[in-house]
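In case you want the letters, here they are:
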Amino acid sequence: MNRFVGDDVYLHLETTNGAYAAHRFGQPMAVCAYIRNGRVRFERAAIAGNRPYRVGLKMEQGWIYAEGLTDYEVDEKGRLLLAGHDDEGRLAVALQLSRTPWPMSALEEEA
Amino acid sequence: MAQVEKTRHLLLVYPHPDDESFGKAGTVILFTRAGTPATLICGTLGELGRNMGNPPIANRETLPKIRRKELEQACEILGISDLRLLGLRDKTVEFEDPERVADRIEAVIREVKPSILMTYYPGLGVHPDHDAMSNAAVIAVKRLPKEERPVIWGSAVVHEPEKILGEPDFVIDVSSVLEEKLAAMKAHRSQFSGIFARVEEALAAGGQAREEALRLLGTERYWVYRIDD
Ligand SMILES: [Zn+2]
């Protein structure tokens, strides 16, 4: 994460309990929020906790925060992908950083 | 029970990979086996699916590529030789201009001239993308002269749709192609490992659990969406 400090980076931040949370799984409602390709710059990056982890990215004016992260990887393009999965492997939260915009569709990435 | 016979062309209009198989695969297989050519319009690649496999085989960025492969595999099993991807994004279909989405569906309708168009029953799809896609399909069909319009077979995701729509217009017995139906559903392995564990558990359990699972899988139900204008 520190490799992204001080630079303009593209953020994908998401949390979800699934579109069918209310319909199929008896939860009170489906909840999801995401931002894809928010361009941000942060001056400090810190990780806390012990699986699940919390991440805080401190910006000049504000914070980026995620909780419940269980897995991370750096892909072949040098992008950082952090995600939190529940015990059935379902994604509940994601925080991803990239120097180039995240593709809007897999078709676009192929072209 | 309604009989499935060869028809001129079958067009499926759904937003996500797996919509074409879940609850509908048997009907599609019966149509294509009878010699019906089939086209699938798939709006998105389910980019925001929650299921990553267990243990995870995908991440947020690789998921659409994996789901595309799964979809192609399912199409092969279903006998769908013509797959059109619209490149929209999961969960955002309802925020697109419906007329523009309809334009793209209309172009395919005019090209393949379907006699039957399968989609979710407008308003009863539960997932907002389902309803957005079926609404766009209805807009597209409405633009055609009445005599050229395909019959719209809608499926409902809501619980107890008969309370809203009455009895289905078509109840299809798909027990003769149950194995193929399961194979098409299983092609979407990143999404349905959890569900399949439960289905297979029920089938293995025997007795009433098995009967119930077979009854649910062995029939598929459709309500005709009638355009009044
Ligand atoms: Zn769907």
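Just above, that's the structure.
Scope of this entry: the structure provided in the associated data block. (Residues numbered from 1 in each chain as written. Chains lettered and ligands numbered in written order. Predicted model: local features only at pLDDT ≥ 70, side-chain atom pairs only at ≥ 80, totals over all residues. Heavy atoms only, no water.)

1. Considering unusual backbone geometry
Residues and elements named next belong to chain A. The peptide bond linking arginine 51 to proline 52 adopts the cis configuration, its omega dihedral lying at 5°. In this fold, proline 52 is placed in the loop between strand E3 (42–49) and strand E4 (53–59). The residue arginine 51 is not glycine, and still its phi comes out positive at about 35°. With respect to the helices and strands, arginine 51 occurs in the loop between E3 and E4. Classification of arginine 51 as partly exposed rests on a relative accessible area of 48%. (Helix = DSSP H or I, 4+ residues; strand = E, 2+ residues; numbered from the N terminus. Buried < 20%, exposed > 50% of the residue type's maximum accessible area, 1.4 Å probe, protein only.)

2. Side note on the interface of chain B and chain A
With 30 residues of chain B in contact, the opposing surface of chain A contributes 32 residues. Counting the surface lost from both chain B and chain A, the interface buries some 2600 Å², and carbon and sulfur atoms represent 53% of this. Counting the surface chain B buries against chain A, the share from its top three residues, Arg50, Glu61 and Arg89 of chain B, is 30%. Taken together, the links from chain B to chain A amount to three salt bridges. One salt bridge connects glutamate 14 of chain A with arginine 60 of chain B, and the closest N-O pair in it is separated by 2.7 Å. At the boundary of chain B and chain A, one finds eight residue pairs in polar contact (both at pLDDT 80 or more). Looking at the side of chain B that touches chain A, the elements that each hand over two or more residues are helix H2 (63–78) and helix H7 (189–205) of chain B. Sort the elements by how many residues they give to the side of chain B that touches chain A and H2 of chain B lands first, with three residues. Across the side of chain B that touches chain A, the residue classes break down as 11 nonpolar, nine polar and 10 charged. (Contact = heavy atoms within 4.5 Å. Buried area = accessible area lost by both parts, 1.4 Å probe. Salt bridge = Lys/Arg side-chain N within 4 Å of Asp/Glu carboxyl O. Polar contact = N/O pair within 3.5 Å; in protein donor to acceptor, adjacent residues only side chain to side chain. Nonpolar A, V, L, I, M, F, W, Y, C, P; charged D, E, K, R; others polar.)

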